Amino acid sequence: MVYISLFSALMMIGANITSFVPFMVIGGVPITLQAFFAVLAGSFLGSRLGAISMAVYAFIGLAGAPVFARFYGGIGQLLSPTFGFIIAFIFTAYITGKIIEKNNKLYSYVIAALLGTAFSYLFGTNWMYAAYKLWAAAPDAFSYKVAWMWMAVPFPKDILLAILAGVFAHRMQGIVKKSS
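Reading the values: rules and limits
Residues numbered from 1 in each chain as written. Predicted model: local features only at pLDDT ≥ 70, side-chain atom pairs only at ≥ 80, totals over all residues. Heavy atoms only, no water. Helix = DSSP H or I, 4+ residues; strand = E, 2+ residues; numbered from the N terminus. Rg over C-alpha atoms; globule rule 2.2 N^0.38 Å. Buried < 20%, exposed > 50% of the residue type's maximum accessible area, 1.4 Å probe, protein only. Contact = heavy atoms within 4.5 Å. Areas by Shrake-Rupley, 256 points an atom, 1.4 Å probe, with all protein chains shown as cover. Axes fitted to C-alpha atoms, helices over the stretch in contact; angles between N-to-C directions. Parallel < 35°, antiparallel > 145°, perpendicular 65-115°, else oblique. Left-handed = near helix turned anticlockwise from the far one by under 90°. Core = buried A, V, L, I, M, F, W, Y, C linked by side-chain atoms within 4.5 Å. Phe/Tyr/Trp six-rings, centres within 6.5 Å; stacked < 30°, edge-to-face > 60°.

Undergrad: Before we go on, may I ask you to explain the overall build of the chain in this structure?
TA: Of the regular secondary structure elements, the chain holds eight helices and two strands. Along its sequence from the N terminus, the chain presents helices and strands in the succession α-α-β-β-α-α-α-α-α-α. Taking 180 residues into account, the globule formula puts the C-alpha radius of gyration at 16 Å, and the chain, at 16 Å, falls close to it. When the 180 residues of the chain are sorted by exposure, 44% land in the buried category. Sequence-distant contacts, at least 24 apart, represent 68% of the contacts inside the chain between residues at least 6 apart. Split by element, the accessible area of the chain, about 9200 Å² in all, is 74% carbon and sulfur.

Undergrad: It is not clear to me how the packing of helix 6 (residues 106-134) against helix 7 (residues 144-151) should be interpreted in this structure. Could you clarify?
TA: Packed helices, taken two at a time, are described by the angle between their axes plus the distance between the axes. Axis separation between helix 6 and helix 7 bottoms out at 10 Å; the angle between their running directions is 135°. In terms of their interaxial angle, helix 6 and helix 7 are classed as oblique. You can see that helix 6 and helix 7 cross each other, and the crossing is right-handed. Taken together, the residues of helix 7 that come into contact with helix 6 (itself represented by Tyr121, Leu122, Thr125, Asn126, Met128, Tyr129 and Tyr132) are Tyr144, Ala147, Trp148, Trp150 and Met151.

Undergrad: Can you help me understand the nonpolar core in this one?
TA: Buried together is how nonpolar side chains tend to be arranged in soluble globular proteins. With 38 residues, the main nonpolar core has Met54 and Phe89 as its most contacted residues. Listing elements by their share of this core, those giving two or more residues are helix 1 (2-15), helix 3 (34-45), helix 4 (47-62), helix 5 (83-102), helix 6, helix 7 and helix 8 (155-179). With sequence-adjacent residues up to four places away left out, Phe89 is seen in contact with Met11, Gln34, Ala35, Ala38, Met54 and Ser120.

Undergrad: Looking at this structure, how should I read the packing of aromatic side chains?
TA: The description of two aromatic rings rests on the distance between their centres and on the angle between their planes. Taken as a whole and judged by the stated rule, the model has 17 aromatic pairs. Ring centres of Phe36 and Phe37 lie 5.0 Å apart, and the angle between their planes is 70°; this geometry places the pair in the edge-to-face category. One aromatic cluster in this structure is built from Tyr57, Phe68, Phe83, Phe91, Phe119, Phe123, Trp127 and Trp135.

Undergrad: Would you take a moment to explain unusual backbone geometry for this structure?
TA: Positioned with a positive phi, Phe71 is a non-glycine residue whose angle comes to about 60°. Counting through the fold element by element, Phe71 comes out in the loop between helix 4 and helix 5. For Phe71, a relative accessible area of 40% gives the class partly exposed. The backbone of Ala141 shows a phi angle near 60°, a positive value even though the residue is not glycine.

Honestly, that's just the spatial picture; any functional story needs more than this.
Rendered as structure tokens:
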């Protein structure tokens, strides 16, 4: 329970890092550490507990606590174009953890982190596109290509952080196992 709470809290901090470091908003897109902590949760806690920690984060935000990016929260966030990423983080942690449970070598951690991040982008960006087309007010000239172009801003950062999360989690697992 402590680790689940810890990773839920880290996700809350990572979602709002732009509030503390304002230059991390580029073109109106907040550059958060959410994908990093979702991958790290799955890598460190495993598929089930990692997914639970991200679900706890999502439910706390939906209950009204201002824990989503830009200190948003509440049930109304279900209609937000970026809410797909919140859902994706649950599966990101699960996918990452599941891959590592099958093989705990360093390369597996890195591959799992990259695949988890890729899933997050695929699910979240497709949700965002659908939301803008179906219920949110899409900006002028909005298209599927534009949705993916918006995601090009944080993508290099998330790739780098996924690799770092994989390496860090692998290293931490070795330390935790030695101290147990």
